[in-house]
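Each chain, written out:
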Amino acid sequence: MKLLVTGGAGFIGANFVFYMLEHHPEDKIVCLDALTYAGNLETLAPVMEHENFRFVRGDVADRETVFNLFEEEGFDVVVNFAAESHVDRSIEDPGIFLRTNILGTQVLMDASRKYGVSRYHQVGTDEVYGDLPLDRPDLFFTEDMPITASSPYSASKASADLLVMAYHRTYGLPVTISRCSNNYGPYQFPEKLIPLMIANALADKDLPVYGTGENVRDWLYVEDHCRAIDLILREGRVGEVYNIGGHNEKTNLDVVRTILKQLGKPESLITFVGDRKGHDLRYAIDPAKIHSELGWLPQTRFDDGIRRTIDWYLDNESWWKNIMSGDYQQYYERMYGNR
Ligand code: NAD
Ligand code: TYD
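What you see is a predicted model; the values in this text were computed from it and never measured.

### A look at the site of ligand 2
Okay, step 1: Near ligand 2 there are 18 residues, and of these Glu 127, Pro 208, Arg 217, Arg 276 and His 279 occur at the shortest range.
Okay, step 2: Here Leu 193 contributes a backbone N or O atom positioned 2.9 Å from an oxygen atom of ligand 2.
Okay, step 3: One of the side-chain nitrogen or oxygen atoms of His 279 is found 2.7 Å away from an oxygen atom of ligand 2.
Okay, step 4: Protein chains shield 97% of the accessible area of ligand 2, which is 510 Å² for the free molecule.
Okay, step 5: Mapped by element, the contributors of at least two residues to the shell around ligand 2 are α6 (193-202) and β8 (207-210).
Okay, step 6: By residue class, the composition of the shell around ligand 2 is nine nonpolar, four polar and five charged.

This is the structure we're talking about:
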């Protein structure tokens, strides 16, 4: 099987490339990635010379690049991870989110139609369901819930999902969509909650917690997400949406305290800062469908996953320090300077 993996120089895409090369050595993977601020070719260094891997730098919204690549390679399967993915950046400047996340999806599906694929898989997010109240722990996101996105990021991802389902119904494109909860693990860009807090704690810098820190996220170790996508590609039903999550809800404050405790740093580093605009209160996935249809269950408990993640950041300081010494610092000033 030949796969096009877009966004493979980012956090989840890179983990997916590693997962697939390990578990399906017979498959060939071509990664298309624009190497935006979030893409890091250093991450893919271990596989750049792999005989079943090819990296191509390019923009998914650039029709000519994408069509030429499809013509040249003839893909069986497309897995679209490429996206602008950070909610705070989407609040600052939504434009690029609409281009990459919506138009990029359109271009990839147009190419998939023209050249023919056996599967187009859209990597989606649970954020398209909006949020759940904090005082109703009995409520969970199910696949049939209406889409009610809150941020420009989630609205762009929701638009893409709608377009994917429309291409299935209108043109018969063989699509699947997965909607996963928050991921954590190695290679996550240090602007997201967990790696940012690890990096700041190690430098004895303040840990900026938005609002009261009571917002709840449902954390999943990245490898469990990769395994779920692999299963959907091989056994999932065309035209279906699958939620992915492992009933692992934590408040942001819980997560930050866990990190501080494991690093032996004081809770006095926690600094409450102004809340995110439109901040979603709680995300919580009901994974019953993927469990009953495909037998998927998460394999990594949060205690183990967070320890492994912290150890990875400790062992790979140069990876994230290189990032933090670049463009990231100006961004950091813009985001947190006046908070
Ligand atoms: P990321 O920001 O770490 O990586 C995104 C990658 O896409 C980068 O390598 C970047 O260079 C590339 N990219 C951006 N614009 C591009 C373009 N126009 N053309 C080609 N490549 C481009 O993101 P991530 O956290 O790995 O998320 C991957 C996907 O998973 C996204 O679609 C995201 O919406 C989805 N998702 C993420 C999470 C999470 O917790 N991180 C949860 C659920 C779903
Ligand atoms: P994030 O990692 O940006 O993921 P998402 O917004 O997609 O869920 O944020 C996770 C949670 O952590 C979210 O409730 C916002 C909060 N947060 C902070 O409190 N401080 C921070 O510096 C960041 C980046 C996030």
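Back to the text.
### Topic: the pattern of salt bridges
Okay, step 1: Tallied over the full model, the rule gives 22 salt bridges.
Okay, step 2: When the shortest N-O distance is used, the salt bridge between Arg 54 and Glu 72 registers 3.0 Å. Here Arg 54, found in strand β3 (residues 53-57), pairs with Glu 72, found in helix α2 (residues 63-73); they are 18 residues apart in sequence, far enough to count as distant.
Okay, step 3: According to the relative accessible area criterion, Glu 72 is exposed, its value standing at 53%.
Okay, step 4: Salt-bridge contacts for Glu 249 lead to Arg 282; the nearest nitrogen and oxygen are separated by 2.7 Å. Of this pair, Glu 249 sits in strand β12 (residues 249-251) while Arg 282 sits in the loop between β13 (270-273) and α9 (288-294), placing them 33 residues apart in sequence.
Okay, step 5: Here the salt bridges do not stand alone but share partners, grouping Lys 2, Arg 54, Glu 72 and Glu 73 into one network.

### A word on the packing of aromatic side chains
Okay, step 1: Evaluation of the coordinates by the stated rule reveals 18 aromatic pairs.
Okay, step 2: Ring geometry for Phe 97 and Tyr 153: centres 6.4 Å apart, planes at 80°, overall edge-to-face. With Phe 97 in helix α4 (residues 95-115) and Tyr 153 in helix α5 (residues 152-171), this pair connects stretches of sequence that are 56 residues apart. Both residues of the pair, Phe 97 and Tyr 153, count as buried.
Okay, step 3: When the ring of Trp 312 is compared with that of Trp 319, the centres are 5.4 Å apart and the planes differ by 70°; the resulting orientation is edge-to-face.
Okay, step 4: We classify Trp 312 as buried; its relative accessible area is 13%.
Okay, step 5: In this structure Trp 319 comes out as buried when scored by relative accessible area, which is 6%.
Okay, step 6: An aromatic cluster of at least three residues, connected via ring pairs, comprises Phe 18, Tyr 187, Trp 312, Tyr 313 and Trp 319.
Okay, step 7: Arg 217 extends its terminal NZ or CZ atom over the ring of Tyr 283, reaching a point 3.9 Å from the ring centre.
Okay, step 8: Geometry around Phe 140 places Arg 282 over its ring, the cationic atom sitting 5.5 Å from the centre.

### Observations concerning the site of ligand 1
Okay, step 1: The full set close to ligand 1 counts 28 residues, and Ile 12, Asp 33, Ser 85, Tyr 153 and Lys 157 are the nearest of them.
Okay, step 2: Residue Asp 33 places a side-chain N or O atom 2.6 Å away from an oxygen atom belonging to ligand 1.
Okay, step 3: For ligand 1, whose free accessible area comes to 830 Å², the fraction covered by protein is 96%.
Okay, step 4: At the level of secondary structure, the elements contributing two or more residues to the shell around ligand 1 comprise α1 (11-23), β5 (119-125) and α5.

### Some points on the side chain of Lys 192
Okay, step 1: Structurally, the position occupied by Lys 192 is in the loop between β7 (183-184) and α6.
Okay, step 2: Comment: no salt bridge for buried Lys 192; closest opposite-charge side chain is Glu 191, at 4.3 Å.
Okay, step 3: Look past the residues within four positions of Lys 192 in its chain and what remains in contact with it is Ser 85 and His 86.

### Section: unusual backbone geometry
Okay, step 1: Of note in this structure, Leu 35 is not a glycine but carries a positive phi near 50°.
Okay, step 2: Topologically, Leu 35 is positioned in the loop between β2 (28-33) and β3.
Okay, step 3: Phi at Asp 204 is positive, roughly 55°, even though this residue is not glycine.
Okay, step 4: Secondary-structure assignment places Asp 204 in the loop between α6 and β8.

### Looking at the side chain of Ser 151
Okay, step 1: Along the chain, the position of Ser 151 falls in the loop between β5 and α5.
Okay, step 2: Among the residues examined, Ser 151 registers a relative accessible area of 10% and is labelled buried.
Okay, step 3: Only 3.0 Å separates the side chain of Ser 151 from the backbone nitrogen of Ser 154, close enough to count as a polar contact.
Okay, step 4: Once residues lying within four places of it in the same chain are set aside, the contact partners of Ser 151 are Val 87 and Ser 90.

Criteria and cut-off values
- Residues numbered from 1 in each chain as written.
- Chains lettered and ligands numbered in written order.
- Predicted model: local features only at pLDDT ≥ 70, side-chain atom pairs only at ≥ 80, totals over all residues.
- Heavy atoms only, no water.
- Near = heavy atom within 4 Å.
- Polar contact = N/O pair within 3.5 Å; in protein donor to acceptor, adjacent residues only side chain to side chain.
- Areas by Shrake-Rupley, 256 points an atom, 1.4 Å probe, with all protein chains shown as cover.
- Helix = DSSP H or I, 4+ residues; strand = E, 2+ residues; numbered from the N terminus.
- Nonpolar A, V, L, I, M, F, W, Y, C, P; charged D, E, K, R; others polar.
- Salt bridge = Lys/Arg side-chain N within 4 Å of Asp/Glu carboxyl O.
- Buried < 20%, exposed > 50% of the residue type's maximum accessible area, 1.4 Å probe, protein only.
- Phe/Tyr/Trp six-rings, centres within 6.5 Å; stacked < 30°, edge-to-face > 60°.
- Lys NZ or Arg CZ within 6 Å of the ring centre and 35° of its normal.
- Lys, Arg positive; Asp, Glu negative; His and termini not counted.
- Contact = heavy atoms within 4.5 Å.

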